[in-house]
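# Geometric and topological summary
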Amino acid sequence: MDHEKFMREAIQMSRDSVHKCGGGPFGAVIVKDGKIIGRGANNVTQNNDPTAHAEVSAIRDACAQLGDFSLKGCTIYSSCEPCPMCLSAIYWARLDKVYFANTQDDAAKIDFDDAFLYREVALPLQDRSLPIEQILHEEAVEVFQEWANKDDKVQY
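Residues numbered from 1 in each chain as written. Predicted model: local features only at pLDDT ≥ 70, side-chain atom pairs only at ≥ 80, totals over all residues. Heavy atoms only, no water.

This paragraph deals with the pattern of salt bridges. Inspection of the entire model under this criterion finds five salt bridges. A salt bridge links arginine 8 to glutamate 4, with the nearest nitrogen and oxygen atoms 3.8 Å apart. Here the residue arginine 8 and the residue glutamate 4 both occupy positions in helix 1 (residues 3-21), the gap between them amounting to four residues, near one helical turn. For arginine 8, a relative accessible area of 56% puts it in the exposed group. (Salt bridge = Lys/Arg side-chain N within 4 Å of Asp/Glu carboxyl O. Helix = DSSP H or I, 4+ residues; strand = E, 2+ residues; numbered from the N terminus. Buried < 20%, exposed > 50% of the residue type's maximum accessible area, 1.4 Å probe, protein only.)

Before going further, it helps to spend a moment on the layout of surface pockets. In this structure, the largest pocket encloses a volume near 290 Å³. The wall of the largest pocket is formed by 20 residues, among which Phe26, Asn42, His53, Phe112 and Asp114 lie closest to the centre. Classifying every residue of the lining of the largest pocket gives nine nonpolar, six polar and five charged. (1 Å grid on protein atoms, 1.4 Å probe; cavity = no way out; pocket = protein on both sides within 12 Å on 5 of 7 lines; lining within 4 Å. Points joined across faces, edges and corners; volume = space filled by probe spheres on them. Nonpolar A, V, L, I, M, F, W, Y, C, P; charged D, E, K, R; others polar.)

Turning our attention to the nonpolar core. What tends to happen in soluble globular proteins is that the nonpolar side chains get buried as a cluster. The biggest cluster of nonpolar side chains holds 17 residues, and the ones touching the most others in it are Ile30, Ile59, Leu71, Cys74, Ile76 and Leu95. At the level of elements, strand 1 (27-32), helix 3 (54-66), strand 3 (74-80) and helix 4 (84-93) are the ones that each hand at least two residues to this core. Looking at this core element by element, the count peaks at five residues for helix 3. Grouped together as the second largest cluster of nonpolar side chains are eight residues, Phe6, Ala10, Val31 and Tyr77 included. (Core = buried A, V, L, I, M, F, W, Y, C linked by side-chain atoms within 4.5 Å.)

On the surface, a nonpolar cluster with roughly 510 Å² of combined accessible area is contributed by Phe69, Trp92, Val154 and Tyr156. Assessed through its relative accessible area of 41%, phenylalanine 69 is described here as partly exposed. (Patch = residues over 30% accessible without salt bridge, like charges linked within 9 Å, V, L, I, M, F, W, Y side chains within 5 Å. Areas by Shrake-Rupley, 256 points an atom, 1.4 Å probe, with all protein chains shown as cover.)

Both strand 3 and strand 4 (residues 97-102) contribute to a ladder of five bridges, which runs parallel. When the sheet's bridge partners are listed, tyrosine 77 is paired in strand 4 with tyrosine 99. A crossover connection joins strand 3 to the parallel strand 4 through helix 4; in handedness this β-α-β unit is right-handed. (Pairing = 2+ DSSP bridges. Right-handed = clockwise from strand over helix to strand, strands pointing away.)

Spelled out as structure tokens, the structure:
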């Protein structure tokens, strides 16, 4: 596979995002069997959607193209090391491999600093800067049990 070709496409998408779309400098493509099946650029400000990062957008596009929520057998090329949200989405989508160009340190130098998020996620709930409190556990866990007992569920 021509990894550099696909990375150049992701980098070009990041450039287009900056100069044509007004988004952040991030782009991503997803490849299956040597063909691009998903594309995404940062559209956070255009869509007023904080989850519209390049990788998440590319995952949504690829899943729509394949008609499947699993991207097993696919590779993602991102112009930057994925943030914690995007990395989680990559794991959930079951992509086989990640290639990236810029590092999280490069992103921090232009005010896209994810270090705070990496530190926060590692902390116990009570020590995080965002107050998080569990309530109505007994009621909610009943629904989990209903799911566990469901015969016709689609596992993912």
